[in-house]
Amino acid sequence: QQPVQSPQAVILREGEDAVINCSSSKALYSVHWYRQKHGEAPVFLMILLKGGEQKGHDKISASFNEKKQQSSLYLTASQLSYSGTYFCGTEGRAQKLVFGQGTRLTINP
Amino acid sequence: DVKVTQSSRYLVKRTGEKVFLECVQDMDHENMFWYRQDPGLGLRLIYFSYDVKMKEKGDIPEGYSVSREKKERFSLILESASTNQTSMYLCASSLSGRLAGSTDTQYFGPGTRLTVL
């Protein structure tokens, strides 16, 4: 079962913050976040492993609540370059990633 | 840098044709994956391989087969293409990942947009 991402789409002005959520009905070992710009390949952002950790680099961070089987991606003071579609990939017992349907983020000047 | 290349960016085929999509990675990765990407459905796993000549079904394997004769190359085969297989196909590779909780970063190719008429 695919994880569910919310919202499906969001439009922001440059400098605003965004949160993208990823929720699974299955127990998770890890959550991966990827960003795909239009016409390009998805690019890895970060992995969060079982243990409820929080990671981040620059102004993009993420958290993983394994008890709730949820992860959230936080984009702070968004920049135009943050535009794209964000995917979470969840790893359960099957030891393969299952990706969500994606969240389209549009940043306007 | 890891490089994953796919044989074609765009492909147009007719219903019933046999279609081969090729993927090559240059970083000696053990795992390779084929996904299809459709609007509103995200990335869905078709097949993956964790070793040469090994393959495992993903979530939507029907109508597809794969071949991995060499470590660096993973082929997706549509035995008899149908219009519902019109999609963007993405190949990916990762270093290793047979243990739960240690799935490595997947590196994606640029994709092949296949249109079946």
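My aim in this report is to walk through the structure given alongside it, one point at a time. (Residues numbered from 1 in each chain as written. Chains lettered and ligands numbered in written order. Predicted model: local features only at pLDDT ≥ 70, side-chain atom pairs only at ≥ 80, totals over all residues. Heavy atoms only, no water.)

**Here we look at the overall build of chain A**
If you tally the helices and strands in chain A, you get zero helices and eleven strands. The order of α-helices and β-strands along chain A, N terminus first, is β-β-β-β-β-β-β-β-β-β-β. For chain A, the C-alpha radius of gyration of 13 Å lies close to 13 Å, the compact-globule estimate for 109 residues. Seen along its three principal axes, the alpha-carbon backbone of chain A occupies a region of about 40 × 25 × 20 Å. Split into buried and exposed, the 109 residues of chain A put 46% on the buried side. (Helix = DSSP H or I, 4+ residues; strand = E, 2+ residues; numbered from the N terminus. Rg over C-alpha atoms; globule rule 2.2 N^0.38 Å. Buried < 20%, exposed > 50% of the residue type's maximum accessible area, 1.4 Å probe, protein only.)

**Overview of the pattern of salt bridges**
Residue and element names in this part refer to chain B. The final tally for this structure, using the stated rule, is six salt bridges over all chains. Between K18 and E79 there is a salt bridge, with the nearest N and O atoms lying 3.5 Å from each other. In this pair, K18 sits in the loop between strand 2 (10-13) and strand 3 (19-25) while E79 sits in the loop between strand 8 (73-78) and strand 9 (87-94), placing the two residues 61 residues apart along the sequence. The class of K18 is partly exposed, set by a relative accessible area of 44%. (Salt bridge = Lys/Arg side-chain N within 4 Å of Asp/Glu carboxyl O.)

**Some points on the layout of surface pockets**
Empty space within the largest pocket amounts to approximately 800 Å³. Lining the largest pocket are 30 residues, and of these A:Q36, A:H38, A:T85, A:R104 and B:Q37 sit closest to its centre. Elements supplying a minimum of two residues to the lining of the largest pocket: strand 9 (84-91) and strand 11 (103-108) of chain A together with strand 4 (31-38), strand 9 and strand 11 (112-116) of chain B. Top contributing element to the lining of the largest pocket by residue count: strand 11 of chain A, with four residues. Partitioning the lining of the largest pocket into residue classes produces seven nonpolar, 17 polar and six charged. (1 Å grid on protein atoms, 1.4 Å probe; cavity = no way out; pocket = protein on both sides within 12 Å on 5 of 7 lines; lining within 4 Å. Points joined across faces, edges and corners; volume = space filled by probe spheres on them. Nonpolar A, V, L, I, M, F, W, Y, C, P; charged D, E, K, R; others polar.)

**Some remarks on unusual backbone geometry**
Cis geometry marks the peptide bond from A:S6 to A:P7, where omega comes out at -10°. As for its placement among the helices and strands, A:P7 is situated in the loop between strand 1 (4-6) and strand 2 (9-13). The phi dihedral of A:A77 is positive, around 50°, even though this residue is not glycine. Within the fold, A:A77 resides in the loop between strand 8 (70-75) and strand 9. Positive phi is not limited to glycine here, since B:D28 has a value of about 60°.

**Thoughts on the sheet that holds strand 3 of chain B**
Residue and element names in this part refer to chain B. Ordered in space as 1-3-8-7, the four strands form an open sheet in which the pairing is antiparallel. Unpaired on one side and paired on the other, strand 1 (4-6) and strand 7 (65-70) mark the two borders of the sheet. Strand-to-strand twist in this sheet, taken as the mean axis angle between neighbours without regard to direction, amounts to 20°. Bridging between strand 3 and strand 8 involves six bridges; their strand directions are antiparallel. Following the sheet pairing, C23 is matched in strand 8 by F74. (Pairing = 2+ DSSP bridges. Axes fitted to C-alpha atoms, helices over the stretch in contact; angles between N-to-C directions.)

**Considerations on the side chain of B:Q25**
Residues and elements named next belong to chain B. Turning to its location among the elements, Q25 is positioned in strand 3. Note on Q25: relative accessible area 2%, which makes it buried. In terms of polar contacts, Q25 uses its side chain to reach the backbone carbonyl oxygen of H29, at 3.0 Å. Apart from the residues within four sequence positions on either side, Q25 is in contact with K3, V4, M32, R68, K71, E72 and S93. (Polar contact = N/O pair within 3.5 Å; in protein donor to acceptor, adjacent residues only side chain to side chain. Contact = heavy atoms within 4.5 Å.)

Everything listed is a geometric property; what it means functionally is a separate question.
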